[in-house]
Number of protein chains: 2
Amino acid sequence: MTIEITGHMLIGKTAVHGSERQLHAIDPSSGRDIEPAFGAGNANDVARACKLAQQAFDSYRDTALGQRAQFLEQIATNIIDIGPALIQRAMQESGLPQARLEGERGRTVAQLRLFAKVVRDGRWLGATLDSALPERTPPRPDLRLRKIGLGPVAVFGASNFPLAFSVAGGDTTSALAAGCPVVVKAHSAHPGTSELVGKAIQAAVVSCNLPEGVFSLLFGDGRQVGQALVSNPAIKAVGFTGSRQGGMALVRAAAQRDEPIPVYAEMSSINPMFLLPDALATKARQIGAGFVDSLTLGAGQFCTNPGLVIAIEGQYLTAFSDAAIAALQAKSAATMLTPGIHAAYTEGVGQLAMITGVRLLARGQVAATPCGGQAALFMTDADTFLSTPALENEVFGACSLVVSCRSFEQMQEVAEHVTGQLTATLFLTATDHALARQLLPTLERKAGRILVNGYPTGVEVSHAMVHGGPFPATSDSRSTSVGASAIERFLRPVCYQDIPADLLPASLQDGNPLGLWRVSDGELMLA
Amino acid sequence: MTIEITGHMLIGKTAVHGSERQLHAIDPSSGRDIEPAFGAGNANDVARACKLAQQAFDSYRDTALGQRAQFLEQIATNIIDIGPALIQRAMQESGLPQARLEGERGRTVAQLRLFAKVVRDGRWLGATLDSALPERTPPRPDLRLRKIGLGPVAVFGASNFPLAFSVAGGDTTSALAAGCPVVVKAHSAHPGTSELVGKAIQAAVVSCNLPEGVFSLLFGDGRQVGQALVSNPAIKAVGFTGSRQGGMALVRAAAQRDEPIPVYAEMSSINPMFLLPDALATKARQIGAGFVDSLTLGAGQFCTNPGLVIAIEGQYLTAFSDAAIAALQAKSAATMLTPGIHAAYTEGVGQLAMITGVRLLARGQVAATPCGGQAALFMTDADTFLSTPALENEVFGACSLVVSCRSFEQMQEVAEHVTGQLTATLFLTATDHALARQLLPTLERKAGRILVNGYPTGVEVSHAMVHGGPFPATSDSRSTSVGASAIERFLRPVCYQDIPADLLPASLQDGNPLGLWRVSDGELMLA
């Protein structure tokens, strides 16, 4: 399938060239504009997309589980069918290498297929039945609960995963799975990639005979189009992946509505790694090398990038640092996603270097391209870290800080001090288990995912994944933006009391016609 | 067990007489103060209770399921053991009759026991396991998810259920079930009842060998003690039942924290009842009489009180109104909960009467006591209703409005027009099913619970209950404050990646030692 990139927004079934400011994608390896121009939308475009989404909601949420699953699978097929043009455009717009983007496309498609399975299983419906007890005083009515979609969802994609966390990423996919129409505000860093994927979704809407408002794609900036979208009364939830500043702007906009709505903003995390004493004594060099690989993966542009390493001072920490320094100095500068991200990274690294008590351990190789990110590793002591709030700020890119502690108690103090994180990692041996047991309760309170002897950058799309965590890692720690549980973000329960059989939704009918797992009078059963 | 009412707050294991303003409960039937005086707390008291809660959290959330369940059951036993003194004090403070309060105590105790069962079942843990796939490229790690408590929870009880929605009500019980310590700000209308129940919880904390910070009870007003509580960094979620004004003040306070936290405020609902044509034609008088019984139950002081009736104009609606008028005129005025609630009710009824296009159908009998609420029934037409936002305001008490429509289409318009509700009710016969099918999608978007041929005032404590709904019925439509699912409000997921067997929580260990329902590689099983 050859899809031309036209610079048009997709408002339902209509392609519209936005009449506001004209935008170009920028090739970060050259700094040059990429054709064509994309027209930013205005308030009317936002209103139209939201109205169509609202009109589509009742019909879309009423689709049979199989039909909705097929729709997700059709989107996956359509994305694959775009072929190499999608990868080429994403490479141009993001500076990310081909293999990485092909892998990311695989992840995106697998995610759509996982959610198709999740939809078919129907456990997300939470079907629950309490029998009537007419003889009881007072009589108990017949009560049946299922979950339904919240309503139209606004999605703001991330720059760092132009496929997996963007137009057809986890937020869109889980919202569509929940029965919610989606209006995406495309990230300005990859509008062409967004248009291609948007057309793949639009085509699936058509071929699956769904109402056009199930999906729209808008261009424009966050302050205008983004705020208008979040403020529109038809929108009932927001998914966002990006900076803390951007996420909090949406949280505030949502709180100012007449009707407040949930905002799932996945924002900033420095992903502490705790190196326990025996692991450090026995594997310092190996951990140091592996850490640098994780740190520099994708130019360090992962939400789960290890930005903080905590260990007890001494010869073994020196061995770790020496290995990390050697590995880092050999790393070439990778092209960062946008000139803005590169500038912020350069500034963040510069600010870290100026903080009293922080010293530079190593830089990666000097950049050869305009947006090349030169990796950086710093060190400080725990006293400085505990007394310097700025050291907890995320520097988005391949930049990390080693915190040397006087004792395990000081490592615990650092663990208790850090704010909410997407991940926390422990390196340990069997000898370290007693210490790990002391740290785990703190890490459970601080992070959405706890790893042992691994690096946090990989985020598996599966049933048990949590890509979330306490504030400021996200704006809502009750949820995950990756993995099967992400669907729960876009659902609410409805209870049906004494509803006649033929008015009940199929999921709650006697005899369990859909073959769902249901809770009946408190017991979970397939009946 | 005889418990003296001393006017003391309970801060962990300590009884403290608050040093701020001295408060008295008021007997609403006489308007007189009830002894003793209760001392309101200050910022230090709030800080101390929150600190104890924070210190208790890791230890309390680590309790075995059986131990935590026993704690809830012990609270139930201790509440029963208070004996008639609890009922007598609650009668004095609330003006509610003995049978109602005995029923409410039964509900409170049953709720504690239901959550003990919920805790033991352990489905709330959401245990989910994805096997490692070491041969895959890239290898998949071992991933295991369980839910843990959010942290200490602040609870604000309601005046209208001094037992079931107060100190040991649904919010406290579900938060304790989730493993969260609780700090209750007692409702100033029933401080003595609160102290008695608080001591029952405190005694259970002691006898179950739990850390003292698991429970504290504070006195004081919402603006000072309440705001300080919600603003305290140790507090990670808020449960509230009360007015929209009170709920929104807490929502705003929570949004202004450095770390935003969820607020579950159950606020205001007018609970529309839609009388479909054939039901109206065949059962108008019966529905009218039943409606008035529901409207006047507990002096109309139910969140689920039917404050809006929608039907097509004509002889059958007149028959309904005539039956309702006759029933209402026979209803004696019941004592309302507080002088403030009575004054607000009187003012609300007065304001409704002055709105152009609204006419009074009937009043109940004149009150004989200072806080007696004289029931009121009004009528208007749909055009007036649709163009007068004030007609959607909740008048807390036995006040309702009948909206006459020209057609079923206008009934649909009214359904689409109303804001979020706790409940929506349909009266129908088999002949009305086709019309009901047209209304149901709208009602699902508007309400947490949909009833057929019943009255919304009863709220069963069971597995399938939803006592929640879209804003402004609640501040978070994703949840319920009554029933087993209420526990989900106070949980967040944590994922464990490649954690060694002996560091895993029991719920996630191989071999399923707790015998839980778990999702393993996407399949639900008891293994």
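**Some words on the overall build of chain A**
Okay, step 1: For chain A, the count of helices and strands is 14 helices and 23 strands.
Okay, step 2: Along the first, second and third principal axes, the C-alpha atoms of chain A reach 75 × 65 × 40 Å.
Okay, step 3: By the burial criterion, 60% of the 527 residues in chain A qualify as buried.
Okay, step 4: If you take every contact in chain A between residues at least 6 apart in sequence, the share linking residues at least 24 apart comes to 76%.

**Considering the packing of helix H2 (residues 65-82) of chain A against helix H6 (residues 191-207) of chain A**
Residues and elements named next belong to chain A.
Okay, step 1: Running from N to C, H2 and H6 cross one another at 135°; their axes reach a closest spacing of 8 Å. Judged by the angle between their axes, H2 and H6 are oblique. Crossing angle aside, the handedness with which H2 passes H6 is right-handed. Contacts between H2 and H6 involve Phe-71, Gln-74, Ile-75, Asn-78, Ile-79 and Ile-82 from the former and Leu-196, Val-197, Ala-200, Ile-201, Ala-203, Ala-204 and Ser-207 from the latter.
Okay, step 2: A breakdown of the residues in the contact of H2 with H6 according to their chemical character gives 10 nonpolar, three polar and no charged.

**Some details on the nonpolar core**
Okay, step 1: Grouped together as the largest cluster of nonpolar side chains are 367 residues, with contacts concentrated most on Leu-72, Val-238 and Leu-275 of chain A together with Leu-72, Val-238 and Leu-275 of chain B.
Okay, step 2: The contact partners of Val-238 of chain A, leaving out residues within four places of it in the chain, are Ala-154, Val-230, Leu-250, Ala-254, Ile-261, Val-263 and Tyr-264 of chain A.

**Thoughts on the sheet that holds strand E17 (residues 376-381) of chain A**
Okay, step 1: Pairing is mixed in the open sheet, where 12 strands are placed in the order E15(A)-E17(A)-E18(A)-E13(A)-E12(A)-E19(A)-E20(A)-E21(B)-E6(B)-E5(B)-E22(B)-E23(B). Two strands in the sheet have a free side with no partner beyond their single neighbour: strand E15 (359-363) of chain A together with strand E23 (523-525) of chain B. For this sheet, the mean angle separating the axes of adjacent strands, direction not counted, is 20°.
Okay, step 2: Pairing geometry for strand E13 (residues 308-312) of chain A and strand E18 (residues 399-405) of chain A, over five bridges, is parallel.

**What about the interface of chain B and chain A?**
Okay, step 1: Across the contact, 59 residues belong to chain B and 60 residues belong to chain A.
Okay, step 2: Breaking the side of chain B that touches chain A down by element, the ones donating at least two residues are strand E5 (128-130), strand E6 (143-149), helix H8 (244-255), helix H14 (433-446), strand E20 (447-452) and strand E21 (491-497) of chain B.
Okay, step 3: Here the side of chain B that touches chain A is composed, by residue class, of 30 nonpolar, 14 polar and 15 charged.
Okay, step 4: Here strand E21 (residues 491-497) of chain A pairs with E20 of chain B via three bridges, running parallel. Directly across from Tyr-496 of chain A, in E20 of chain B, lies its bridge partner Ile-450 of chain B.

**Concerning the pairing of strand E10 (residues 237-241) of chain A**
A regular strand places its side chains so that they alternate between the two faces of the sheet.
Residues and elements named next belong to chain A.
Okay, step 1: In terms of residue burial, E10 counts as a mostly covered element, since five of its five residues are buried.
Okay, step 2: Along E10, one buried face is formed by Ala-237, Gly-239 and Thr-241 and the opposite face, lined by Val-238 and Phe-240, is buried too.
Okay, step 3: Inspection of the sheet shows strand E7 (residues 153-156) paired to E10 by four bridges, in the parallel sense. Note on E10: the bridge partner recorded for Val-153 is Ala-237.
Okay, step 4: Pairing of E10 with strand E11 (residues 263-266) involves four bridges; the strand directions are parallel. Looking across to E11, one finds that Gly-239 is bridged to Tyr-264.
Okay, step 5: A crossover connection joins E10 to the parallel E11 through helix H8 (residues 244-255); in handedness this β-α-β unit is right-handed.

**Things to note about the sheet that holds strand E19 (residues 421-427) of chain B**
Okay, step 1: Spatially, the 12 strands line up as an open sheet ordered E23(A)-E22(A)-E5(A)-E6(A)-E21(A)-E20(B)-E19(B)-E12(B)-E13(B)-E18(B)-E17(B)-E15(B), and their pairing is mixed. Across the chains shown, the open sheet's two edge strands, defined by having one partner strand only, are strand E23 (523-525) of chain A together with strand E15 (359-363) of chain B. Recorded for the sheet is a direction-independent mean angle of 20° between the axes of neighbouring strands.
Okay, step 2: Here strand E12 (residues 272-275) of chain B runs beside strand E13 (residues 308-312) of chain B; their pairing, made up of three bridges, is parallel. If you follow Met-273 of chain B over to E13 of chain B, its bridge partner there is Val-309 of chain B.

**As for the pairing of strand E19 (residues 421-427) of chain A**
Residue and element names in this part refer to chain A.
Okay, step 1: Of all seven residues that make up E19, seven are buried, and the element is covered over most of its length.
Okay, step 2: Where strand E12 (residues 272-275) meets E19, three bridges bridge the pair, whose relative direction is parallel. The partner of Phe-274 across the bridge, within E19, is Leu-426.
Okay, step 3: Relative to strand E20 (residues 447-452), E19 is paired through five bridges, and the arrangement is parallel. Residue pairing for E20: Thr-425 is matched across the bridge by Leu-451.
Okay, step 4: Since E19 and E20 lie parallel, the crossover through helix H14 (residues 433-446) that links them has a hand, and here it is right-handed.

**Considerations on the relation of the copies chain B and chain A**
Okay, step 1: Once chain B is rotated about the relating axis by 180° and shifted along it by 0.0 Å, it coincides with chain A to within an RMSD of 0.0 Å. On this basis, the relationship between the two copies can be described by a two-fold rotation axis. When C-alpha positions in chain B are compared against the rotation axis, the closest is assigned to Ala-255 of chain B, at 3.9 Å.
Okay, step 2: When the interface residues of chain B are mapped onto chain A, 100% of them again lie at the interface, so the same face is used by both copies.

**Quick word on helix H13 (residues 408-417) of chain B**
Each turn of an α-helix holds 3.6 residues, which means side chains three or four residues apart point in the same direction.
Residue and element names in this part refer to chain B.
Okay, step 1: Regarding H13, the residues found buried are Gln-410, Met-411 and Ala-415. All buried residues of H13 project into a common sector of 150° when viewed along the axis, lining one side.
Okay, step 2: Packing partners of the buried residues in H13 comprise E12, E13, helix H12 (382-387), strand E18 (399-405) and H14.

**Focus on the packing of helix H3 (residues 84-94) of chain B against helix H6 (residues 191-207) of chain B**
Residue and element names in this part refer to chain B.
Okay, step 1: Direction vectors running N to C along H3 and H6 enclose 155°, while the axes themselves pass 8 Å from each other. Compared by their axis directions, H3 and H6 come out roughly antiparallel. The crossing of H3 and H6 is left-handed. In this structure, H3 uses Ala-85, Leu-86, Arg-89, Ala-90 and Glu-93 to contact H6, whose residues at the interface are Gly-192, Thr-193 and Leu-196.
Okay, step 2: Among the residues making up the contact of H3 with H6, the classes are represented as four nonpolar, two polar and two charged.

**Considering the confidence of the model for chain A**
Okay, step 1: Scored by pLDDT, chain A comes out at a mean of 97, with 100% of its residues at no less than 70.
Okay, step 2: Here the complex is predicted with pTM 0.97, and the ipTM for its interfaces comes to 0.97.

**Details of helix H4 (residues 98-121) of chain A**
Okay, step 1: Over its 24 residues, H4 of chain A runs 35 Å from end to end, which matches the ideal 34 Å to within 8%, given 1.5 Å per residue.
Okay, step 2: Where H4 of chain A ends, the next residue or the one after it, Gly-122 of chain A, has phi of about 75°, a positive value.

**A few points about the environment of Ala-527 of chain A**
All names here are of chain A.
Okay, step 1: Mapped onto the fold, Ala-527 is located in the segment after E23.
Okay, step 2: Separated by 11 residues in the primary sequence, Ala-527 and Leu-516 place their C-alpha atoms 7.1 Å from one another.
Okay, step 3: Sequence-distant contacts of Ala-527, defined by excluding residues within four places in its chain, comprise Asn-512 and Ser-520.

**Observations regarding the environment of Gly-522 of chain A**
Okay, step 1: Along the polypeptide, Gly-522 of chain A turns up in the loop between strand E22 (518-520) and E23.
Okay, step 2: Its 17 C-beta neighbours within 10 Å are what place Gly-522 of chain A among the partly exposed residues.
Okay, step 3: Considered as a pair, Gly-522 of chain A and Thr-128 of chain A are 394 residues apart in the sequence and their alpha carbons are 8.0 Å apart.
Okay, step 4: Not counting chain neighbours up to four residues away, the residues in contact with Gly-522 of chain A comprise Lys-117 and His-463 of chain B.

**Focus: unusual backbone geometry**
Peptide bonds are trans in most cases, and residues, glycine excluded, mostly fall at negative phi.
Residues and elements named next belong to chain A.
Okay, step 1: Cis geometry marks the peptide bond from Glu-35 to Pro-36; its omega dihedral reads -5°.
Okay, step 2: Within the secondary structure layout, Pro-36 lies in strand E4 (residues 32-39).
Okay, step 3: In the segment running from Thr-137 into Pro-138, the intervening peptide bond is cis, with an omega of -10°.
Okay, step 4: As for its placement among the helices and strands, Pro-138 is situated in the loop between strand E5 (128-130) and strand E6 (143-149).
Okay, step 5: Phi is positive for Asn-209, close to 55°, though the residue is something other than glycine.
Okay, step 6: Its place among the elements puts Asn-209 in the loop between H6 and strand E9 (215-218).
Okay, step 7: A positive phi angle, close to 55°, is found at Ala-299, a residue other than glycine.
Okay, step 8: Note that Ala-299 resides in the loop between helix H9 (277-296) and E13.
Okay, step 9: Among the residues examined, Ala-299 registers 29 C-beta atoms within 10 Å and is labelled buried.

Thresholds applied
- Residues numbered from 1 in each chain as written.
- Chains lettered and ligands numbered in written order.
- Predicted model: local features only at pLDDT ≥ 70, side-chain atom pairs only at ≥ 80, totals over all residues.
- Helix = DSSP H or I, 4+ residues; strand = E, 2+ residues; numbered from the N terminus.
- Buried ≥ 20, exposed ≤ 12 C-beta atoms within 10 Å, placed from the backbone.
- Contact = placed C-beta atoms within 7 Å.
- Axes fitted to C-alpha atoms, helices over the stretch in contact; angles between N-to-C directions.
- Parallel < 35°, antiparallel > 145°, perpendicular 65-115°, else oblique.
- Left-handed = near helix turned anticlockwise from the far one by under 90°.
- Nonpolar A, V, L, I, M, F, W, Y, C, P; charged D, E, K, R; others polar.
- Core = buried A, V, L, I, M, F, W, Y, C linked by C-beta atoms within 7 Å.
- Pairing = 2+ DSSP bridges.
- Right-handed = clockwise from strand over helix to strand, strands pointing away.
- Least-squares fit on C-alpha atoms with pLDDT ≥ 70 in both.
- Arc of directions from axis to C-beta.
- pLDDT = per-residue confidence, 0-100.
- Expected span 1.5 Å × (residues − 1).

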